[in-house]
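Fold and geometry: a report
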Amino acid sequence: MQLKDGWLVGVKQVPSPHFDCRPEDETPSLLVVHNISLPPGEFGGPWIDALFSGTLDATAHPYFAGIAHLRVSAHCLIRRDGKIVQYVPFDKRAWHAGISLYQGRERCNDFSIGIELEGTDTLPYTDAQYQQLTAITETLIQAYPSIADNMTGHCDIAPDRKTDPGPAFDWSRFRQAVEVTSNKENK
Ligand SMILES: [Zn+2]
């Protein structure tokens, strides 16, 4: 995978209006893993793109009435089949973390990259999702090396409010996959 101007090359782009500049154009140094499914527990619909684009129809499903007004985004989504959508270039600030704290520092959006896995806290993520998340993370580490040592879940930076990516996310599998790939590339 390659980056060009903060975008993954060859990936579906759905540019979101929900972003702004990082304060002082800070270089991202943290990866935050999330999950999302709309409606909750259902996969494959057009609703996540719509939410992050600010075009979600509040009447299309009862659940949407409570979220359609939110101005939120993430940098990327990885769907169940491994397809990637990018909404915000990585050098810009996406609005995914909310009130949050990582290693004593607040406002994680300022310095993080947010990646959503289409899923729920309890249903195992797919092999394709692990593969693509690993590939994206590798690419990000090349551009922003400190991410290698700073990867976390939304539930860890906003523990009172958030539970994603949940117990279904296998951190050791993910970290090991990233490590194996990095070692290969360094040899
Ligand atoms: Zn989240």
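Anything mentioned here points back to the structure above.
What counts, and at which threshold
- Residues numbered from 1 in each chain as written.
- Predicted model: local features only at pLDDT ≥ 70, side-chain atom pairs only at ≥ 80, totals over all residues.
- Heavy atoms only, no water.
- Core = buried A, V, L, I, M, F, W, Y, C linked by side-chain atoms within 4.5 Å.
- Buried < 20%, exposed > 50% of the residue type's maximum accessible area, 1.4 Å probe, protein only.
- Helix = DSSP H or I, 4+ residues; strand = E, 2+ residues; numbered from the N terminus.
- Contact = heavy atoms within 4.5 Å.
- Expected span 1.5 Å × (residues − 1).
- Donors = N, O, S within 2.8 Å, 3.2 Å for Na, K, Ca; no water.
- Disulfide = S-S within 2.5 Å.
- Polar contact = N/O pair within 3.5 Å; in protein donor to acceptor, adjacent residues only side chain to side chain.
- Salt bridge = Lys/Arg side-chain N within 4 Å of Asp/Glu carboxyl O.

In this section: the nonpolar core. Counting residues in hydrophobic clusters, the biggest one holds 25 residues, and the most contacted among them are L31, I115, L140, F169 and F174. Contributing elements (two or more residues each) for this core: β5 (30-36), β6 (76-78), β11 (112-118), α2 (127-143) and α4 (171-186). The contact partners of F169, leaving out residues within four places of it in the chain, are V33, L117, Y125, Y130, L133 and F174.

What follows is about α2. The end-to-end C-alpha distance of α2, which contains 17 residues, comes to 25 Å, matching closely the 24 Å that a straight helix rising 1.5 Å per residue would cover. All of the buried residues in α2 are Q129, Y130, L133, T134, I136, T137, E138, T139, L140 and I141.

This brings us to the coordination of the zinc ion. Bound to the zinc ion are the protein donor atoms H34 (ND1), H154 (ND1) and D164 (OD), situated 2.0 to 2.1 Å from the metal. In primary-sequence terms, the residues that donate to the zinc ion follow H-x119-H-x9-D. Taken together, the residues H34 in strand β5 and D164 in the loop between α3 (154-157) and α4 connect sequence positions 130 residues apart. Neither H34 nor D164 differs from the other in exposure class; each is buried.

If you walk through the whole model with that rule in mind, you get 0 disulfides. In this structure C21 is not part of a disulfide, and its nearest cysteine sulfur, from C76, lies 18 Å away. For C21, a relative accessible area of 44% translates into the label partly exposed. Summary of cysteine pairing: C155 is not part of a disulfide, and the nearest cysteine sulfur, belonging to C108, is at 12 Å.

Another point: the side chain of N150. Here N150 shows up in the loop between α2 and β12 (151-153). With relative accessibility at 14%, the residue N150 sits in the buried group. Separated by 2.9 Å, the side chain of N150 and the backbone oxygen of S146 make a polar contact. Discounting residues that sit within four places of it in the chain, N150 has contacts with S29, L30, L31, Y102 and Q103.

Two side chains bearing opposite charge may form a pair once their charged atoms approach each other closely. Using the criterion set out here, one finds 10 salt bridges in the structure. Between E118 and R79 there is a salt bridge whose closest N-O contact spans 3.1 Å. You can see E118 sitting in strand β11 and its partner R79 sitting in the loop between β6 and β7 (84-86), a full 39 residues away along the chain. Each of the two residues, E118 as well as R79, counts as buried. Note that D110 is salt-bridged to R93, the shortest N-O span being 2.6 Å. Of this pair, D110 sits in the loop between β10 (105-106) and β11 while R93 sits in strand β8 (residues 92-94), and the two are 17 residues apart along the sequence. D110 gets classed as buried once you look at its relative accessible area, which sits at 7%. A single salt-bridge network, built from bridges that share partners, covers K12, D49, R79 and E118.

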